Amino acid sequence: MPVVRPGVIRETIIIEGEINNIFDFMSDFSNSPLWDPGVVSANPEDSFDKLMITVGTGYDLVVDFNGSKMDMTYHITKYNQPYEVILEGEGNTVKARDIIKFKKIGNNQIEIDYQAELTLKSWRRPFIFFINRSLNKIGESAKRGIENYFKYGNKDGDSNKIKSNTRIKSLV
């Protein structure tokens, strides 16, 4: 995902599948380790009900940024199924806002417009300019992870790692 301005990365991804299934999968951030190499773990908060994901649903993530692990908590702040979900996250040193939009564009094709906005907290705030290269790498890895997950069933793009076509078929 290219950096469009300091702290903001954005990418458009086209994948095959059914819009409702893709939206449901992507808006459930407990799935993010399946497609985002920068997410070490993601667990729903205690009140989680997979059938009732909506505004307020929260996730506890551990993310890896340049070899440093960091805890973050994300909450859904906008949920317009199957077209848009916005999640806002916060850790000790960073705030994040992920805006994910979905649009059916053709025969079984869905366009995902993914924008991640990152803000460093406190005295770190001006240093956002110096991490653009790292943000580009994170964005590109996430983009490939999404494409690979929906094509191969894993973020690595390794067709030998496909565990079961059942999961993939349920998404497309």
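Refer to the structure printed above.
Residues numbered from 1 in each chain as written. Predicted model: local features only at pLDDT ≥ 70, side-chain atom pairs only at ≥ 80, totals over all residues. Heavy atoms only, no water.

Peer 1: I'm lost on the packing of aromatic side chains in this one. Help?
Peer 2: Two numbers describe a pair of aromatic rings. These are the distance of the centres and the angle of the planes. Going through the model one piece at a time under the given rule, you end up with nine aromatic pairs. Members of the aromatic cluster, each reached through a chain of ring pairs, are Phe 29, Trp 35, Tyr 59, Tyr 74 and Tyr 114. (Phe/Tyr/Trp six-rings, centres within 6.5 Å; stacked < 30°, edge-to-face > 60°.)

Peer 1: In this structure, what is going on with the nonpolar core? I would like to understand it.
Peer 2: Note that soluble globular proteins tend to have their nonpolar side chains buried in a common cluster. In terms of nonpolar packing, the biggest core is built from 36 residues, with Met 26, Phe 29, Trp 35, Phe 102, Ile 112 and Tyr 114 touching the most fellow members. Once residues within four sequence positions are removed from consideration, Ile 112 is found in contact with Glu 11, Thr 12, Ile 13, Ile 15, Ile 22, Ile 100, Lys 101, Phe 102 and Ile 146. (Core = buried A, V, L, I, M, F, W, Y, C linked by side-chain atoms within 4.5 Å. Buried < 20%, exposed > 50% of the residue type's maximum accessible area, 1.4 Å probe, protein only. Contact = heavy atoms within 4.5 Å.)

Peer 1: Is there a simple way to explain unusual backbone geometry in this structure?
Peer 2: As a rule of thumb, non-glycine residues mostly have phi less than zero, and peptide bonds are mostly trans rather than cis. Omega for the bond connecting Gln 81 with Pro 82 falls within 30 degrees of zero, at 0°, which places this linkage in the cis form. Here Asn 108, not a glycine, exhibits a phi torsion of approximately 60°, which is positive. Its location among the elements puts Asn 108 in the loop between strand 7 (94–106) and strand 8 (109–120). Residue classification places Asn 108 among the partly exposed positions, given a relative accessible area of 36%. (Helix = DSSP H or I, 4+ residues; strand = E, 2+ residues; numbered from the N terminus.)

Peer 1: In this structure, what is going on with the pattern of salt bridges? I would like to understand it.
Peer 2: A side chain with one charge can pair with a side chain of the opposite charge if their charged atoms come near. Taken as a whole and judged by the stated rule, the model has 10 salt bridges. Between Glu 11 and Lys 143 there is a salt bridge, and its shortest N-O distance comes to 3.9 Å. Here Lys 143 lies in helix 3 (residues 132–152) and Glu 11 lies in strand 2 (residues 8–16), a separation of 132 residues in the sequence. Of the charged contacts, one joins Glu 147 and Lys 143 as a salt bridge, the two residues approaching to 4.0 Å between their closest N and O atoms. Residue Glu 147 and its partner Lys 143 are both found in helix 3; the two are separated by four residues, about one turn of the helix. In this structure Glu 147 comes out as partly exposed when scored by relative accessible area, which is 29%. What you see here is one network of salt bridges that share partners, running through Glu 11, Lys 143 and Glu 147. (Salt bridge = Lys/Arg side-chain N within 4 Å of Asp/Glu carboxyl O.)

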